[in-house]
Amino acid sequence: MEQELKKIQTHAREAIRNTADIDLLEQIRVKYVGRKGALTAILRRLKDLPLDGRKKIGDEANRLAQEIERLISEKHRELDATARETILQKERLDVTRPGARAERGHMHPVTKMLAEIERIFHSMGFETTDGPEVETDFYNFQALNMPPGHPARSMWDTFWLRQDEKQKTKDERNRLLLRTHISPVQVRYMETHNPPIRIIVPGRSYRYEATDASHDFQFEYIEGLVVDKNISVANFKAIMIDFFSRLFKKQVTVRLRPSYFPFTEPSFEIDVSCAICNGKGCSMCKRTGWLELAGAGMVHPNVFKAAGYNPKNVQGFAFGIGFSRLVSMRYNIPDIRLLNSGDLRFLKQF
Ligand code: FA5
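Residues numbered from 1 in each chain as written. Predicted model: local features only at pLDDT ≥ 70, side-chain atom pairs only at ≥ 80, totals over all residues. Heavy atoms only, no water.

Draft legend 1. Layout of the side chain of His-181. Its location among the elements puts His-181 in the loop between β3 (176-178) and α7 (184-192). Residue His-181 is classed as buried on the basis of its relative accessible area, which comes to 2%. Once you skip the residues sitting within four places of it in the chain, His-181 turns out to touch Asn-140, Leu-144, Trp-156, Ser-205, Arg-207, Tyr-221 and Phe-263. (Helix = DSSP H or I, 4+ residues; strand = E, 2+ residues; numbered from the N terminus. Buried < 20%, exposed > 50% of the residue type's maximum accessible area, 1.4 Å probe, protein only. Contact = heavy atoms within 4.5 Å.)

Draft legend 2. Region of the structure containing the domain arrangement of the protein chain. You can read the domains of the protein chain as domain 1 (2-90) and domain 2 (109-347). For domain 1 and domain 2, the distance between their C-alpha centres works out to 94 Å. (Domains from an automatic or database assignment.)

Draft legend 3. Examining the sheet that holds strand β1 (residues 127-128) more closely. Reading across the sheet, the 7 strands line up as β1-β4-β5-β9-β8-β7-β6 and stay open at both edges, with mixed pairing between neighbours. Either end of the sheet is taken by a strand with one partner, and the two such strands are β1 and β6 (254-261). Pairing of strand β5 (residues 218-228) with strand β9 (residues 315-322), which is carried by 8 bridges, proceeds in the antiparallel orientation. Its bridge partner lying in β9, Glu-223 is registered against Gly-320. Docked against the sheet, helix α8 (residues 233-248) engages β6, β7 (264-273), β8 (290-299) and β9, running at close to 30 degrees with respect to β9. (Pairing = 2+ DSSP bridges. Axes fitted to C-alpha atoms, helices over the stretch in contact; angles between N-to-C directions.)

Draft legend 4. A look at the site of the ligand. By nearness alone, 23 residues border the ligand, and His-181, Ser-183, Arg-207, Glu-209 and Asp-216 come closest of all. Measuring from a nitrogen atom of the ligand, one finds a side-chain N or O atom of His-181 at 2.9 Å. A distance of 3.1 Å separates a nitrogen atom of the ligand from a polar atom in the side chain of Tyr-221. For the ligand, whose free accessible area comes to 670 Å², the fraction covered by protein is 93%. Looking at the shell around the ligand, the elements with two or more residues in it are β5, β8 and β9. Looking at the shell around the ligand element by element, the count peaks at 4 residues for β9. Tallied by class, residues from the shell around the ligand come to 9 nonpolar, 9 polar and 5 charged. (Near = heavy atom within 4 Å. Polar contact = N/O pair within 3.5 Å; in protein donor to acceptor, adjacent residues only side chain to side chain. Areas by Shrake-Rupley, 256 points an atom, 1.4 Å probe, with all protein chains shown as cover. Nonpolar A, V, L, I, M, F, W, Y, C, P; charged D, E, K, R; others polar.)

Draft legend 5. How the structure looks around the pairing of β5. Counting buried residues along β5, 10 of its 11 residues qualify, which places the element largely inside the surrounding structure. When strand β4 (residues 197-206) meets β5, the two strands line up antiparallel, connected through 10 bridges. Bridge pairing in β5 links Tyr-206 to Gln-218.

Draft legend 6. Summary view of helix α2 (residues 22-33). Taking 1.5 Å per residue as the helical rise, α2 with its 12 residues ought to reach 16 Å, and the 17 Å between its terminal C-alpha atoms agrees with that figure. Residues of α2 that are buried include every one of Leu-25, Ile-28, Tyr-32 and Val-33, and no others. Axial view of α2: buried residues confined to an arc of 85 degrees, hence all on one face. Residues of α2 that are exposed and point more than 90 degrees away from the buried face comprise Asp-23, Gln-27 and Lys-31. Its buried side turned inward, α2 meets α1 (2-18), α3 (38-45) and α4 (51-90). The N-cap residue of α2 is Asp-21: its side-chain oxygen and the backbone nitrogen of Asp-23 are 2.8 Å apart. (Expected span 1.5 Å × (residues − 1). Arc of directions from axis to C-beta.)

And the structure:
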């Protein structure tokens with residue numbers, strides 16, 4: 001029996017030393033000192049021994065049981081501490097580390113300027129409205145006094161949309177295109193509203209043309225329309241002077257130059273005295289002292305007719321302000337194509 005105790009002692013010590021798992025420790029305890037364990041079995045057999053042998057072996061067996069329990073609880077504490085340490089290591093949080101700053105976005109310069117323009121027009125009683133960017137030949141050209149084959153159509157290089165056989169129609173009116181200007185909204189709006197009308201229509205238009213620093217194939221411009229019984233060129237000029245003076249935050253002079261648009265008669269280009277050099281001449285106004293900022297005119301009777309109005313009862317003016325160019329002027333941007341580039345290095349400057 002003494003031999004057996006020695007063996008148990010060696011095996012138990014070794015098993016406890018080598019285990020790295022708390023669950024296994026419990027199995028070791030059961031194996032040696034549990035109810036059916038090896039040591040317990042020896043203690044049960046003590047009664048068969050002579051008295052002096054019984055005492056000696058009994059003492060030794062009890063000491064061994066105590067040693068095994070002690071070794072197990074020491075190992076338990078050790079494994080517990082290691083486990084806690086591993087968790088702490090894993091979940092370590094350095095509260096002194098500087099945080100990652102969440103980046104704040106901001107409005108695009110075009111959006112900012114549009115808000116400013118709208119604020120000025122709204123204060124003068126204008127309403128903002130919009131229309132489709134995919135237009136029909138009818139609204140983009142025909143209703144604006146440009147029937148098929150009209151030479152003035154070539155003033156607007158057009159992106160025509162491919163239509164499949166089912167969509168194609170013999171009627172030229174329904175051919176689809178990307179609107180080349182926002183003037184079609186004049187007709188759309190007049191079809192569904194009665195005068196008096198005072199609207200602005202900010203939006204994007206598309207031209208099938210080569211790009212350069214002041215031309216893009218898509219650009220922002222604002223259409224305006226005022227219709228009532230007695231609207232004159234003088235009203236128009238007053239509104240333009242007020243609008244541009246408030247936009248540039250200084251009193252400007254407005255000059256109307258005769259021009260041609262099929263949907264206005266008379267038509268004019270609007271030049272504004274250069275707000276940068278006060279008309280003295282600089283690189284922005286190409287040394288002329290004037291900035292060419294919009295096309296405009298008195299609405300042509302044929303446009304009123306296309307919208308279902310009687311041209312004898314109404315008159316009004318319309319204008320188109322290319323505001324990609326206004327934005328580039330305001331922020332000194334040398335190339336309007338940057339506005340649609342989506343380049344963050346550019347956009348972050350505003
Ligand atoms: C028109 O498109 C007319 N519909 C404007 C109008 C409205 C006239 C109402 C009369 C009555 P125009 O083709 O000039 O006009 O274009 C309007 C403005 O858009 C121009 O003054 C110019 O500032 C701007 N623009 C024209 N083409 C480009 C382009 N490729 N890139 C950027 N801006 C452009």
